[in-house]
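Residue-level listing of the chains:
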Amino acid sequence: MTEPSDLILRGIGELVTNDPRRVEAGLLGIVNHAAIAIRSGRVDWAGPLEDLPDEYFDLPDLDCAGRAVLPGFVDSHTHLVFAGERGEEFTRRLAGESYETILAAGGGIQATVRATRRAVREAAAVGLVESARLRAERMLTHGTTTVEIKSGYGLDVPTELRMLEAASAIGKLVPIDTVGTVLGAHVVPPEFAGDRESYIRLVEEEMLPLLAPLARYCDVFCDRGAFTVPEARHILEAGKHFGLKPRVHAEQLVATGAALLAAEVGAVSADHLDHIDEEGAAALAAAGTVATLLPAASFSMRTPQAPARLLWDAGVTVALATDCNPGTSYVESMQFVIAVAALETGLSPAEAVWAATRGGALALEEPDKGWIGAGTAADLVILDAPSSVHIPYRPGANLVWKVIKDGAVVVERPSPLQGKG
Ligand code: NIG
Ligand code: FE
């Protein structure tokens, strides 16, 4: 939605390219004293400033004054569209009540379903878009340039449809790319409590065909209190029939074998994985399924983190995402997620930064995103800091100086560095 632009970024102190051809520069493919040339909203050239070809010298110029530049964050797992909030539930959880008990008693996800249905029914659907738009704007301000958005708080056909319409509206209102996912199989809604089969039939026969044009993926919450492995298998196969590739909420609350299912159905991503074991990790590696870790959710739930080191060392592609939702992770900042990942999961700062950029792009099958080189999307974050390690080193701060989307500066923040590197 932004105008494609031409621009030269000079004076980049540390450029994180994530370019695998720069292996000598480590996982992040770092180039120091770098420049980037952008033409028509895409990266045309990136490398050491001293090698910048003459042909770019007439382009408008932005001096980064020694700051670090990295690809825009790709947040590959969010529940961004919802109504209401659950601060009271959060307080109860901190006082000892469990997430699953609250859900089983009709709270948790079901409370957000009631609020979201009400918002749509009372023609407050604009409010649904407006609240999600504000969250997307805050994400962008923190450096996210692509966001995946799931349905799953409607659990009836009209509300699920309205959620995905809202998700695609966000991409037109905010300079951020959106990718839709159908999560009709989040939980069984109360009106189908005694008849799960009928709800699954509704998802497969009515929701999936109607919502498929608004989405790229079909997701299932495969866990205790949600959907079983056989149910999830059936729904994910039905999704494929409508052109929706599978992704799975797997091994979050308890170990169920959902990671093995993700590998079996060829899921693009298996997400959460707090309870995954070595067998599950090996299966994901063999299937080429991305492990999308959501460390802010485990942090907010005060539960043990997913075994990120095990997954990485097993050869699984690891992504990091916020899981932004009103229950388990009301978090909008990928910088915060990187900080939790590097401080709590055993990933190094470089691995965490890679997983939040290139890993997220791979989890959404976006080959031109999450790295910087000729032909990639000019979606960039300029930090008001000299290196990307400052992200986990200074948790809680928004270190963004500018965000560039399709070559245009879409976020500008005041700088304490005042131009000094
Ligand atoms: O990814 N686990 C299932 N779904 C969300 C939580 C949704 C909610 O609590 O509202 C998650 O954590
Ligand atoms: Fe989720």
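Residues numbered from 1 in each chain as written. Chains lettered and ligands numbered in written order. Predicted model: local features only at pLDDT ≥ 70, side-chain atom pairs only at ≥ 80, totals over all residues. Heavy atoms only, no water.

### With respect to the overall build of the protein chain
How we decide: Counting from the N terminus, the helices are the DSSP runs of H or I reaching at least four residues and the strands are the DSSP runs of E reaching at least two. Here the radius of gyration uses the C-alpha set of atoms, whereas the globule reference equals 2.2 Å times the residue count to the power 0.38. Classification of residues uses two cut-offs on accessible area relative to the type maximum, computed with a 1.4 Å probe and protein chains only: under 20% is buried, over 50% is exposed, and between them is partly exposed. What sets the accessible areas is the Shrake-Rupley method with a 1.4 Å probe; for residues, cover comes only from the shown protein chains. Charge counting follows a simple rule: Lys and Arg are positive, Asp and Glu are negative, and His as well as the terminal groups are ignored. To locate a charge, take NZ of a lysine, CZ of an arginine, CG of an aspartate or CD of a glutamate.
Of regular secondary structure, the protein chain possesses 14 helices and 16 strands. Its C-alpha atoms give the protein chain a radius of gyration of 21 Å, within 12% of the compact-globule value 22 Å for 421 residues. Principal-axis analysis of the C-alpha atoms gives the protein chain an extent of 70 × 50 × 45 Å. Taking all 421 residues of the protein chain together, 61% fall into the buried category. Within the structure as shown, the protein chain displays about 15,400 Å² of accessible surface, and the carbon and sulfur contribution to it stands at 55%. The positive charge centre, built from 36 side chains, and the negative charge centre, built from 56, are 4 Å apart in the protein chain.

### Regarding unusual backbone geometry
Positive phi outside glycine occurs at H33, with the angle close to 50°. Mapping H33 onto the fold places it in strand β2 (residues 31-39). Given the relative accessible area of 60%, H33 is considered exposed.

### Considering the sheet that holds strand β7 (residues 144-150)
By definition, the strands of a sheet pair up through backbone hydrogen bonds, in either a parallel or an antiparallel sense. Definition in use: Each pair of strands is called paired provided DSSP finds at least two bridges between the two strands. Only C-alpha atoms enter the line fits that serve as axes; for helices the fit covers just the stretch in contact. Angles between N-to-C directions range over 0 to 180 degrees.
Spatially, the eight strands line up as an open sheet ordered β6-β7-β8-β9-β10-β11-β12-β13, and their pairing is parallel. The open sheet is flanked by β6 (73-75) and β13 (318-320), the only strands paired with a single partner. Recorded for the sheet is a direction-independent mean angle of 25° between the axes of neighbouring strands. The pairing of strand β11 (residues 269-272) with strand β12 (residues 290-293) spans three bridges and is parallel.

### What about the coordination of the iron ion (ligand 2)?
As a reminder of what qualifies: Note on donors: an N, O or S atom is included if it sits within 2.8 Å of the metal, or within 3.2 Å for Na, K and Ca, and water is never included, so sites can look incomplete.
Coordination of the iron ion (ligand 2) by the protein comes from H77 (NE2), H79 (NE2), H249 (NE2) and D323 (OD), over a distance range of 2.0 to 2.4 Å. Taken in chain order, the donor set of the iron ion (ligand 2) reads H-x1-H-x169-H-x73-D. One end of the pair, H79, is in the loop between β6 and α1 (87-94); the other, D323, is in the loop between β13 and α12 (334-344), with 244 residues separating them in the sequence. Each member of the pair, H79 as well as D323, carries the same accessibility label: buried.

### Re the pattern of salt bridges
A side chain of one charge can pair with a side chain of the opposite charge when the charged atoms of the two come close. This is how the line gets drawn: The term salt bridge refers to a side-chain nitrogen of Lys or Arg lying within 4 Å of a carboxyl oxygen of Asp or Glu.
Applying the stated rule across the entire model yields 32 salt bridges. One salt bridge connects R216 with E366, and the closest N-O pair in it is separated by 3.1 Å. One end of the pair, R216, is in the loop between α6 (196-211) and β9 (217-222); the other, E366, is in the loop between α13 (349-363) and β14 (380-383), and 150 residues separate them in sequence. When salt bridges with common partners are traced through the structure, they connect D177, R216, E366, K369, D379, K405 and D406 into a single cluster.

### Side note on the environment of L210
Just so we agree on the cut-off: Only heavy atoms matter for contacts: two residues are in contact if any of them lie within 4.5 Å across the pair.
Structurally, L210 can be placed in helix α6. The spatial distance from the C-alpha of L210 to the C-alpha of F299 is 36 Å, given a sequence separation of 89 residues. Look past the residues within four positions of L210 in its chain and what remains in contact with it is V157 and L161.

### Structural notes on the packing of helix α5 (residues 157-173) against α6
Operational definition: Here is the rule for handedness: rotate from the far helix to the near one, and if that takes an anticlockwise turn smaller than a right angle the crossing is left-handed, while a clockwise turn gives right-handed. Under the convention adopted here, Pro, Cys and the residues Ala, Val, Leu, Ile, Met, Phe, Trp and Tyr are nonpolar, Asp, Glu, Lys and Arg are charged, and Gly plus all remaining residues are polar.
Where α5 meets α6, the closest approach of the two axes is 10 Å, and the angle between their N-to-C directions is 30°. Judged by the sense of rotation from one axis to the other, the crossing of α5 with α6 is right-handed. Across from V157, E160, L161 and L164 in α5, the residues of α6 making contact are L202, E206, M207, L210 and L211. Of the residues belonging to the contact of α5 with α6, the class tally is seven nonpolar, no polar and two charged.

### A word on the environment of G373
Among the structural elements, G373 can be located in the loop between α13 and β14. Taking relative accessible area as the criterion, G373 reaches 6% and is therefore assigned buried. G373 sits 11 residues away from D384 along the chain, and the two C-alpha atoms are 22 Å apart.

### Thoughts on the layout of surface pockets
The following threshold applies: Buriedness for pockets is judged along seven lines, at least five of which must meet protein on both sides within 12 Å for an open set on the 1 Å grid over protein atoms alone, while cavities are sets there where a 1.4 Å probe fits but cannot get out, and lining residues have an atom within 4 Å of a point. Grid points are joined across faces, edges and corners, and a volume is the space filled by probe spheres set on the points.
Estimated volume of the largest pocket: approximately 320 Å³. Taken together, 19 residues form the lining of the largest pocket, with R93, S98, Y99, M301 and T303 sitting closest to its centre. Among the elements of the structure, α1, α2 (99-104) and α10 (295-301) are those that each provide at least two residues to the lining of the largest pocket. For the lining of the largest pocket, the element with the most residues is α10, which contributes four residues.

### Overview of the packing of α6 against helix α7 (residues 229-241)
The criterion, for reference: An angle counts as roughly parallel when it lies under 35 degrees, as roughly antiparallel when it exceeds 145, as roughly perpendicular when it falls between 65 and 115, and as oblique in every other case.
Contact pair α6 / α7: the axes reach a minimum separation of 10 Å and the direction vectors enclose 15°. The orientation of α6 relative to α7 falls into the category roughly parallel. Viewed along their axes, α6 and α7 form a crossing whose handedness is right-handed. Taken together, the residues of α7 that come into contact with α6 (itself represented by R196, I200, V203, E204 and L208) are E231, H234, I235, A238 and G239. Here the contact of α6 with α7 is built from residues that sort into five nonpolar, two polar and three charged.

Read these as layout, nothing more, since geometry by itself doesn't imply function.
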